[in-house]
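# Chain and residue survey
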Amino acid sequence: MNNESSKGAGAVGQNEMANAIRALAMDAVQAANSGHPGAPMGMADLATVLFTRHLKFDAADPQWPDRDRFILSNGHASMLLYAVLYLTGYSDMTIDEIKNFRQLGSRTAGHPEYGHASGIETTTGPLGQGLANAVGMALAERMMNARFGDDLVDHYTYVFAGDGCLMEGISHEAISMAGHLKLSRLIVLFDDNSISIDGGTDLTVSDDQMARFAASGWDVARIDGHDPDAIDQAITAAKQSDRPSMIACRTVIGYGAPNKQGTSATHGAPLGAEEIAATREKLGWPYPPFEVPNAILDAWRAAGQRSGAAHAAWDANLAALDDDARASFNALQSDELPADLTATVNAYKNQLSTDAPGWATRKSSQEALEVLTANVPAMVGGSADLTGSNNTKTAATAPISADDFSGRYIYYGVREHGMAAVMNGMALHGGFIPYGGTFLTFTDYCRPSIRLSALMGLRVVYVMTHDSIGLGEDGPTHQAVEHIASLRAIPNLNVFRPADAVETAECWQLAIENTSTPSVLALTRQGLPTVRNEHSDENLCARGAYVIAGVEGGGARQATILATGSEVEIALAARDLLQADGIATAVVTMPCWELFDQQPDAYRAETLGTSGARVAVEAAACFGWSRYGVDENKVVGMRSFGASAPIADLYAHFGITAQAVADAVRAEL
């Protein structure tokens, strides 16, 4: 039932407050002639109870670190979130933004986009991602709590999720991980309306979601999602649980639309003028479009200020900390890195240039991480069941568990997609710099979350080892070929492929210093020689590419060889062959195309060379090299999947050798 007598604030009933959400949603979708009115109308009662009785937030300070997080995983219901943000008084969510729903330049995009408006905790729309992000947020809350205690970190993460979110495979990984870690501050309200775009969910799914969550160690409950008191009681009970909670809320999609409610017709299209008029009559909402009566708006605005006393108490707790603890907390919240980090990295680089180790870059990464994690307490590592292969664990990163969240290492299990989305959630929560590893070929499992890292501009680091045919005998199922090119195609993603231990250290420093761009480190299984034997305090990788071996005597170039990662060694050997024949050759190492593309035109021209032959070598698909003036048909690289064999045989078989590079240069001259 819809309990009209339940009061959320003053004399205004919860039903009237919920109808404000319904009206704004149907009016905005109608004005845009685009959008999804059904889910906001169906979940309006859930949102009203949550925001007026439970959610700890302060509309006047949206970034309050101890606020509860609200995640709208079924992001197509974006008008529910926008309506609540406007109603509760977020200053940047005005009625004009509601009127401009889905219009160019508005804050009210078709799906919620992180950074567009305060109160949007993550970008959702790809179903299931928000649910998995929420697991990361709930995990980050417990980890911060283990460091600073209840007085400073004591909040919940609430999720609205629909049938589609629970159908997506990522939901299994997220639900399983949350249950295993007993993330008791995570509460999911499942919008159980039995409708999908194609029609009733009985067309496609017969899962018992209650049993499914229970099997993963969650508390579960089922309620009428239109009964405010039942909603309130279920959330209250969930907050007392020692496990994550799922509340299955039976709702009617498009609630209030007399001719369309309960059908897929309300899912992804405007209701139409006639149905909206009938809905206004049925709901007892006689007001013009986008108008909310003062009494109802005041009740909502009071909800936006409801946590003022809790916020003031939290401010007092923060002020009462000793100077060191308060500085530590503020540093984690502000994304600050230690002031001496560059000096620390430079000292380490200098030692590497002296020692000249022949490590695989995955080993170089581990050694760099030993230095960084010892000095950057925000760094939290992990791996998708490949810790010993990815080399992501360090002495400073003790594992976390359901019994102890004080550590800094997460065993994600074989959950690559979940790992990536959980890391996004941790970065969004604040306080941590997450990094996680798997094989580069399994970026295919992570890609939707990597794309969202880039779209949201999050500092997340993907440690992707076994980056080419160089992994050898495991064969083409595990040998990345097209992956580097496909990752380079994602906007706002830095793809690093370092050539040795020195470049790996520099790339790691760049990855954690960049607060608005995620990074992929593509790392080798095979050992590589140190090619940076002369120390430089400058982070040369910051330019994306640089001349690592110029023409002897400083004369004019006859040829330039471009290379990345493990093929820089091959390029240098090819240069020796060419120089022996009197062909003046330079080698350019290109650890990060994205950073190189941001350099001034003059530097790029100087680095690439303005005359002579230009050849590229990379043990990967050849796509993309044309932007640097290299015919992709003439790149020394991969044009097929790999094969199972020892590494030396594979490089010879696929023609990725110093002799092949030298021959390619001669053919260009």
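Whatever comes next refers back to the structure up there.
Below or above, wherever it landed, is the structure these notes cover. (Residues numbered from 1 in each chain as written. Predicted model: local features only at pLDDT ≥ 70, side-chain atom pairs only at ≥ 80, totals over all residues. Heavy atoms only, no water.)

## Some words on the pairing of strand S13 (residues 461-465)
Look at any regular strand and the pattern is simple: side chains alternate between the two faces of the sheet. For S13, the tally of buried residues reaches five of five residues, placing the bulk of the element in the interior. On S13, burial covers both faces: Val461, Val463 and Thr465 on one face and Tyr462 and Met464 on the other are all buried. Following the backbone out of strand S12 (residues 433-439), through helix H18 (residues 443-456) and into the adjacent parallel S13, one traces a crossover that is right-handed. The sheet contact formed by S13 and strand S15 (residues 519-522) spans four bridges and is parallel. Each bridged residue has a counterpart across the sheet, and for Tyr462 the counterpart in S15 is Val520. (Buried < 20%, exposed > 50% of the residue type's maximum accessible area, 1.4 Å probe, protein only. Helix = DSSP H or I, 4+ residues; strand = E, 2+ residues; numbered from the N terminus. Right-handed = clockwise from strand over helix to strand, strands pointing away. Pairing = 2+ DSSP bridges.)

## Some details on the sheet that holds S12
The strands making up a sheet are joined through hydrogen bonds of the backbone, oriented either antiparallel or parallel. Sheet architecture is open: six strands sit in the order S11-S10-S12-S13-S15-S14, paired in parallel fashion. Bordering the open sheet on either side are strand S11 (409-411) and strand S14 (494-496), each of which pairs with just one other strand. This sheet shows a mean twist of 20° between the axes of neighbouring strands, independent of strand direction. Of the pairings in the sheet, the one linking S12 to S13 comprises five bridges and is parallel in character. Of the residues in S13, the one forming a bridge with Phe439 is Thr465. Sitting on the sheet, helix H15 (residues 361-375) is in contact with strand S10 (379-383), S12 and S13, with an inclination near 150° to S10. (Axes fitted to C-alpha atoms, helices over the stretch in contact; angles between N-to-C directions. Contact = heavy atoms within 4.5 Å.)

## Examining the side chain of Arg408
Along the chain, the position of Arg408 falls in the loop between helix H16 (387-390) and S11. In this structure Arg408 is buried but unpaired, with Glu370 as the nearest side chain of opposite charge at 9.5 Å. A distance of 2.9 Å separates a polar atom in the side chain of Arg408 from the backbone oxygen of Thr373. At a separation of 3.0 Å, a polar atom in the side chain of Arg408 contacts the main-chain carbonyl oxygen of Met379. (Lys, Arg positive; Asp, Glu negative; His and termini not counted. Salt bridge = Lys/Arg side-chain N within 4 Å of Asp/Glu carboxyl O. Polar contact = N/O pair within 3.5 Å; in protein donor to acceptor, adjacent residues only side chain to side chain.)

## Considering the sheet that holds strand S16 (residues 546-549)
With mixed pairing, five strands are arranged side by side in an open sheet as S16-S18-S17-S19-S20. The open sheet has two free edges, formed respectively by S16 and strand S20 (636-638), since each of these has just one partner strand. When the angles between neighbouring strand axes are averaged without regard to direction, this sheet yields 30°. In the packing of helix H25 (residues 658-668) onto the sheet, the strands contacted are strand S17 (559-563), strand S19 (613-621) and S20, and the crossing angle to S19 comes to about 145°.

## Here we look at helix H11 (residues 294-304)
Listing the buried residues of H11 in full gives Ile296, Leu297, Ala299, Trp300, Ala303 and Gly304. The buried residues of H11 all sit within an arc of 155° when viewed along its axis, so they share a single face. Relative to its buried face, H11 has exposed residues pointing more than 90 degrees away, namely Asn294 and Asp298. (Arc of directions from axis to C-beta.)

## Looking at the environment of Met144
Structurally, Met144 can be placed in helix H5 (residues 129-148). In this structure, the C-alpha to C-alpha distance between Met144 and Phe329, residues 185 residues apart in sequence, is 9.1 Å.

## Describing the pattern of salt bridges
Going through the model one piece at a time under the given rule, you end up with 27 salt bridges. Among the salt bridges present, the one from Arg185 reaches Asp154, with a minimum N-O distance of 2.7 Å. Of this pair, Arg185 sits in the loop between helix H7 (169-181) and strand S5 (186-192) while Asp154 sits in the loop between H5 and strand S4 (157-162), and the two are 31 residues apart along the sequence. For Arg185, a relative accessible area of 14% gives the class buried. On the accessibility criterion, Asp154 (27% relative accessible area) is partly exposed.

## Comments concerning the packing of aromatic side chains
Scanning the model with the defined rule gives 19 aromatic pairs in all. Between Tyr82 and Phe101, the aromatic rings sit 6.2 Å apart at their centres with planes inclined by 65°, giving edge-to-face as the arrangement. In this pair, Tyr82 is assigned in helix H3 (residues 78-88) and Phe101 in the loop between helix H4 (95-99) and H5, connecting sequence segments 19 residues apart. Accessibility classification places Tyr82 together with Phe101 in one group, the buried group. Ring centres 5.5 Å apart and planes at 80° place the aromatic pair Tyr435 and Trp508 in the edge-to-face group. Residue Tyr435 is located in strand S12, and its partner Trp508 is located in helix H20 (residues 501-513); the two are separated by 73 residues in the primary sequence. (Phe/Tyr/Trp six-rings, centres within 6.5 Å; stacked < 30°, edge-to-face > 60°.)

## Some details on helix H21 (residues 567-580)
Taking 1.5 Å of rise per residue, 14 residues should cover 20 Å, and H21 covers 20 Å from first to last C-alpha, within 8% of that figure. Turning to H21, its buried residues number three or more, namely Glu567, Val568, Ile570, Ala571, Leu572, Ala574, Arg575, Leu578 and Gln579. Contact partners of the buried residues in H21: S16, S17, strand S18 (585-589), S19, helix H24 (647-653) and H25. Two residues or fewer after H21 comes Gly582, characterised by a positive phi angle close to 80°. (Expected span 1.5 Å × (residues − 1).)

## Thoughts on unusual backbone geometry
Phi is positive for Asp385, which is not a glycine, with a value near 65°. Note on placement: Asp385 falls in the loop between S10 and H16. In this model, Asn492 sits at a positive phi of 55°, which is unusual for a non-glycine residue. Relative to the elements of secondary structure, Asn492 occurs in the loop between helix H19 (483-488) and S14. Note on Asn492: relative accessible area 35%, which makes it partly exposed.

Any functional reading would require information that these geometric values do not contain.
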